[in-house]
Amino acid sequence: MALFEKLKESLSKTKESINSRFEAVVKSFKKVDEELFEELEEVLITADLGVQTSMDIIDRLKDAAKEKKITESEELKAELNSILVNILSTGDNTVRLEGTPAVIMVIGVNGVGKTTSIGKIANMYIKQGKKVVMAAADTFRAGAIEQLDVWANRVGADIVKQQEGSDPAAVIYDGINAARNRKADILLCDTAGRLHNKKNLMDELKKIYRILDRELPNSSKEVLLVLDATTGQNAVQQAKLFKEAADITGIVLTKLDGTAKGGIVFAIKNEYNIPVKFVGVGETADDIMEFDPVEFVNAITGTD
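A brief structural summary.

Procedures and definitions
Every chain is numbered independently, its residues counted from 1 as its sequence is written. Since the coordinates come from a predicted model, pLDDT governs what is reported: local features require at least 70, and pairs of side-chain atoms require 80 or more to be given and counted, while whole-chain, interface and lining totals use all residues. To obtain the side-chain values, all non-hydrogen atoms of the structure were used and water was disregarded. Each Phe, Tyr or Trp ring (for Trp, its six-membered ring) is paired with any other whose centre lies within 6.5 Å, and the angle between the two planes then decides the class: stacked below 30 degrees, edge-to-face above 60, tilted in between. Each residue gets one of three labels from its accessible area relative to the maximum for its type: buried under 20%, exposed over 50%, partly exposed in between, using a 1.4 Å probe on protein chains only. Two strands pair if DSSP finds at least two bridges between them. The secondary structure listing takes helices from DSSP runs of H or I that are at least 4 residues long and strands from runs of E that are at least 2 residues long, numbered from the N terminus. Here an angle of 0 to 180 degrees is reported between the N-to-C directions of two axes, which are lines fitted to C-alpha atoms, with helices fitted over the stretch in contact. Put simply, a salt bridge is a Lys or Arg side-chain nitrogen that is within 4 Å of an Asp or Glu carboxyl oxygen.

Aromatic ring pairs are described here by two measures, namely the spacing of the ring centres and the angle between the planes. Counting across every chain of the model gives three aromatic pairs. Taking 5.1 Å as the distance between ring centres and 50° as the angle between the ring planes, the aromatic pair formed by phenylalanine 291 and phenylalanine 296 counts as tilted. For the pair phenylalanine 291 and phenylalanine 296, a shared accessibility class is recorded, and that class is buried. Ring pairing ties together the aromatic residues Phe266, Phe291 and Phe296, which thus form one cluster.

Now the structure itself:
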């Protein structure tokens, strides 16, 4: 199945919660008035776009209706589509891969699909002909190193690892040297999702940044936060906390295929200005895709 078809399929529940209900409300109103906008705002809030983002979208929808003198409620659909695309398109959704090796560091709490996402990202780049080295620097979670090792073997990536409980920064340092020696294109770093408190996590991440900056000054450094779409507003809260602790460059959104809460991407982008860079659209190693705002919104609104 083509990836866009997979995206549409994985977003079918989100489409139901946003598009189908939006259309039902619009059809029940003959004219464009305040009551209609209130109903539409309720649709967006219950679809996990969050209160603030839903209000912002409806304000923009009102402005567009006034400016374009829209009187038919059905015409609001195209305007909504345009507003949603605009929210997700501001900023840079592309993954920067500059220098040899380019660095992709992955963070996120336990259980969101972090290790699986790393495996899928590695698989995608290996299929593009790139050489990938993984650094297993999530040394605190029991089983994390073994889990990453399984993925490395499955997709054909090299892996650098130490014992459970080792210093994560030391693993990153070894990973840098291995990536250099093996002339890897990408160094993909797993990191601890949660330490004892936010300060510990912040200190650990800063230590890793310092080593990466010192050893690879000419390499791009993506810091990707993995979020589980099924957790809805909880994922928005995670984005807030991690943004305070780390210089996040993008989001990897997982488990879209099991949820109606894909609308959280709008809240995260609108409130914290973090672009989405990858979306997970299924269970297999191939089920990840680089994020395209237009495709994503079209899949939700049923626009071809």
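We are not done yet, so read on.
On to the sheet that holds strand 3 (residues 158-160), then. Judged by pairing direction, the sheet is mixed, and its eight strands sit side by side in the order 3-2-4-1-5-6-7-8 without closing on themselves. Across the chains shown, the open sheet's two edge strands, defined by having one partner strand only, are strand 3 and strand 8 (288-290). Neighbour-to-neighbour, the strand axes of this sheet turn through a mean angle of 25°, independent of strand direction. In terms of strand pairing, strand 1 (residues 102-107) meets strand 4 (residues 186-191) through five bridges, oriented parallel. If you follow methionine 105 over to strand 4, its bridge partner there is cysteine 189.

Let's shift gears to the pattern of salt bridges. Tallied over the full model, the rule gives 21 salt bridges. Of the charged contacts, one joins lysine 6 and aspartate 287 as a salt bridge, the two residues approaching to 2.6 Å between their closest N and O atoms. Of the two residues, lysine 6 sits in helix 1 (residues 3-10) while aspartate 287 sits in the loop between strand 7 (276-280) and strand 8, which places them 281 residues apart along the sequence. Judged by its relative accessible area of 4%, aspartate 287 is buried. A salt bridge links arginine 96 to glutamate 98; the shortest N-O distance between them is 3.1 Å. By relative accessible area, which is 35% here, arginine 96 ends up partly exposed. One salt-bridge network, held together by shared partners, links Lys114, Asp138, Arg141 and Asp190.

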